[in-house]
Amino acid sequence: MSRPSPGTPGTPDPAAAPGPGAVHDVIAVGCGPFNLGLAALASTVDGLDLVVLEETAELHWHRGMMFDEASMQVNFLADLVTLVAPTHPLSFLAYLHDRDRLYPFTVRENFFPSRLEYEDYLRWAAARLPSVRFSHRVLSVRRDPASGLFTAEVERADGTRHRLAARHLVVGTGTAPHLPDALATLPADRLLHTGDFLHRGEDVDAASHVTVVGSGQSGAEVVIDLLERNLAGGPAVSWLSRTPSFAPLDYTKLVLEMTTPEYMHYFHGLPEATRDRLLAEQWQLYKGVSTDTLAAVHELLYRRQLRHGLRPVELRPGITVLTAGPAGGAGGTVLRCRHRDTGRTFDHRTDLVVAATGYRARTPGFLAALDPLIRRDAAGRPVVRADHSVDLDLDLDGDAAAGSATGGGRLFLAGTELHSHGASAPNLDIGAIRNATILNAVTGREVYRLPKATAFTAFGPPPTTDTAPVDGQHRGG
């Protein structure tokens with residue numbers, strides 16, 4: 001099947017659905033950075049027919065948190081393609097060259113793009129990939145047990161429907177904003193998630209007191225915005241976090257090796273209970289705040305010391321919100337809280353709560369017909385193989401290749417395998433590695449060479465079963 005080459009501007013033709021009997025190699029659902037990267041890498045593989053279906057009309061990326069000064073937490077090499085294909089025509093450097101911005105980027109000497117710039121790069125890449133089809137909403141996906149093919153029922157923006165078939169399915173629809181039970185019952189006008197912060201400016205402006213619950217990078221960026229408003233005479237600000245401190249992301253070099261493909265493979269091979277324990281211990285690898293952002297918070301707090309008449313600001317770590325509800329006759333909201341170190345409970349009154357409580361993996365509704373086939377672990381999460389494919393119970397489907405790791409079509413997950421692949425799974429810098437792994441799996445050959453050595457650290461025990469002392473010396477540290 002002929003396709004325009006990468007780098008050729010074009011708009012996907014919504015009428016370009018295959019005719020009767022046509023079968024794609026891969027259908028990828030969702031056009032975030034991960035599936036967009038999959039399309040980019042697939043575009044230079046001869047004979048591979050991949051299509052990406054996205055229900056929105058154009059690519060938007062975290063618009064509710066698109067602060068002017070917000071910077072990426074990964075450098076420009078963690079783009080769609082570079083870490084497995086550094087000469088690819090859809091790299092970030094190719095984007096800068098095409099936009100005639102390569103020299104300014106070099107002179108800037110800051111290799112962490114702004115979030116606005118990264119979104120512009122994504123949109124630039126999407127415009128050069130005819131395999132990406134916007135305004136295509138996937139309603140349902142079924143699997144034919146006889147052929148192993150996946151069939152997706154798709155609705156276009158004009159309401160017309162058609163079906164697409166593929167040998168393999170990649171689900172990259174992202175995660176959903178998470179609201180803990182303690183906050184979920186608050187009225188919508190008194191609660192918002194950080195992902196909607198910039199869309200709810202009127203509610204923020206109307207509040208006399210805004211409370212951010214939770215930490216992480218998003219929470220800290222919202223706090224910066226609120227502190228700037230406070231300095232301009234805006235609302236009182238509270239920042240409550242369950243963590244014992246407002247801790248930074250751990251960006252020390254050897255710790256960062258725990259976000260490499262080498263550690264990801266090691267993590268995947270551990271027992272489920274061990275993986276869950278490690279994830280709880282490693283929260284600063286993916287839930288902390290960049291040191292620059294924490295420095296900006298401190299600078300704003302320092303500047304407040306020279307001002308008088310401002311509404312109060314408080315930062316309190318080690319706080320768990322137990323319940324939330326209306327404050328009664330005085331209006332607003334009251335949070336019932338517990339202090340971690342002392343165990344003391346107290347009431348916190350505010351007008352508006354901003355939940356910086358992160359995101360959680362979700363099972364899209366269009367997978368309902370496939371859900372009974374998905375094998376799950378003790379916590380009810382999909383069992384995901386090392387190549388990011390879901391372990392399907394093909395016996396239930398009457399599949400002729402039942403029980404085979406490679407029999408029939410495979411369902412892959414992109415970005416929601418935190419429980420199986422570790423803290424690096426949602427990171428942009430692992431996206432190209434994951435996508436190359438998926439493409440190697442669906443083609444049955446090494447279309448992209450994966451890196452063999454990505455860490456100096458040896459994460460497992462030495463390759464020996466000998467536990468006896470050597471020459472009278474004990475083993476250990």
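Residues numbered from 1 in each chain as written. Predicted model: local features only at pLDDT ≥ 70, side-chain atom pairs only at ≥ 80, totals over all residues. Heavy atoms only, no water.

## Quick notes on the overall build of the protein
- For the protein, the count of helices and strands is 13 helices and 17 strands.
- When the 477 residues of the protein are sorted by exposure, 48% land in the buried category.
- As presented, the protein carries roughly 23,200 Å² of accessible surface, and 53% of it is formed by carbon and sulfur atoms. (Helix = DSSP H or I, 4+ residues; strand = E, 2+ residues; numbered from the N terminus. Buried < 20%, exposed > 50% of the residue type's maximum accessible area, 1.4 Å probe, protein only. Areas by Shrake-Rupley, 256 points an atom, 1.4 Å probe, with all protein chains shown as cover.)

## A few points about empty space enclosed by the protein
- What the rule picks out here adds up to two cavities of 30 Å³ or more.
- As a volume, the second largest cavity reaches approximately 50 Å³.
- Every residue along the wall of the second largest cavity is listed here: P33, F34, G37, D79, L80, Y118, L428, G431, A432 and N435.
- For the lining of the second largest cavity, the secondary-structure elements that each account for two or more residues are α1 (33-42) and α13 (431-443).
- Of the residues belonging to the lining of the second largest cavity, the class tally is six nonpolar, three polar and one charged. (1 Å grid on protein atoms, 1.4 Å probe; cavity = no way out; pocket = protein on both sides within 12 Å on 5 of 7 lines; lining within 4 Å. Points joined across faces, edges and corners; volume = space filled by probe spheres on them. Nonpolar A, V, L, I, M, F, W, Y, C, P; charged D, E, K, R; others polar.)

## Describing a nonpolar patch on the surface
- On the surface, a cluster of nonpolar side chains totalling about 270 Å² of accessible area is made up of F111, F112 and Y251.
- Here F112 lies in the loop between α3 (102-108) and α4 (115-126). (Patch = residues over 30% accessible without salt bridge, like charges linked within 9 Å, V, L, I, M, F, W, Y side chains within 5 Å. Salt bridge = Lys/Arg side-chain N within 4 Å of Asp/Glu carboxyl O.)

## Concerning the pairing of strand β14 (residues 345-350)
- The alternating pattern of β14 places F346, H348 and T350 on a buried face and T345, D347 and R349 on a face that is not buried.
- Bridge count for strand β13 (residues 333-339) against β14 is six bridges, and the pairing is antiparallel. By the bridge assignment for β14, R338 is matched with T345.
- Linking β13 back to β14 in an antiparallel pair, the connection comprises five residues, with G343 at a positive phi of about 80 degrees. (Pairing = 2+ DSSP bridges.)

## Section: the pattern of salt bridges
- Taken as a whole and judged by the stated rule, the model has 27 salt bridges.
- Two residues, D341 and R340, come together in a salt bridge whose shortest N-O distance is 3.1 Å. The residues D341 and R340 share a single accessibility class, namely exposed.
- Through salt bridges with shared partners, one network takes in E55, R137, E153, E155 and R161.

## Quick notes on the confidence of the model for the protein
- Of all residues in the protein, 90% have pLDDT values of 70 or greater, and the mean over the chain is 89.
- Here residues 400-407 scores under 50 on pLDDT; set against residues more than four positions off or in separate chains, the count is 12 contacts.
- Per-residue pLDDT stays below 50 along residues 469-477; that stretch engages in four contacts with residues further than four places along the chain or on separate chains. (pLDDT = per-residue confidence, 0-100. Contact = heavy atoms within 4.5 Å.)

## Section: the pairing of strand β15 (residues 352-355)
- Residues of β15 alternate between two faces, with L352 and V354 on one and V353 and A355 on the opposite face, all of them buried.
- Relative to β15, strand β8 (residues 191-193) runs parallel, the two being bridged by three bridges. Looking at the pairing, L192 lines up with V354 of β15.
- As paired elements, strand β9 (residues 209-213) and β15 share four bridges and run parallel to each other. Note on β15: the bridge partner recorded for T211 is V353.

## Side note on helix α10 (residues 272-281)
- For α10, every residue scored as buried is listed here: R275, L278 and L279. Considered in projection along α10, the buried side chains sweep an arc of 100 degrees and stay on one side of the axis. Seen from the buried face of α10, the exposed residues on the opposite side, beyond 90 degrees, are A273, A280 and E281.
- The secondary structure elements touched by the buried residues of α10 are α9 (261-268) and α12 (418-421). (Arc of directions from axis to C-beta.)

## Observations concerning the packing of aromatic side chains
- This structure, assessed with the given rule, holds 18 aromatic pairs.
- Seen from their ring centres, Y263 and Y266 are 5.6 Å apart, and the 50 degrees between their planes marks the pair as tilted. Within this pair, Y263 and its partner Y266 are both found in helix α9, separated by three residues, close to a single helical turn.
- Between Y266 and F459, the aromatic rings sit 6.0 Å apart at their centres with planes inclined by 25 degrees, giving stacked as the arrangement. Of this pair, Y266 sits in helix α9 while F459 sits in the segment after α13, and the two are 193 residues apart along the sequence.
- Among the residues examined, Y266 registers a relative accessible area of 28% and is labelled partly exposed.
- Here the aromatic cluster, defined as three or more aromatic residues joined through ring pairs, consists of W61, F76, F92, Y95, F105, F111, Y118, Y121 and W124.
- One residue, R143, lies across the ring of F150, its end atom 5.9 Å from the ring centre. (Phe/Tyr/Trp six-rings, centres within 6.5 Å; stacked < 30°, edge-to-face > 60°. Lys NZ or Arg CZ within 6 Å of the ring centre and 35° of its normal.)

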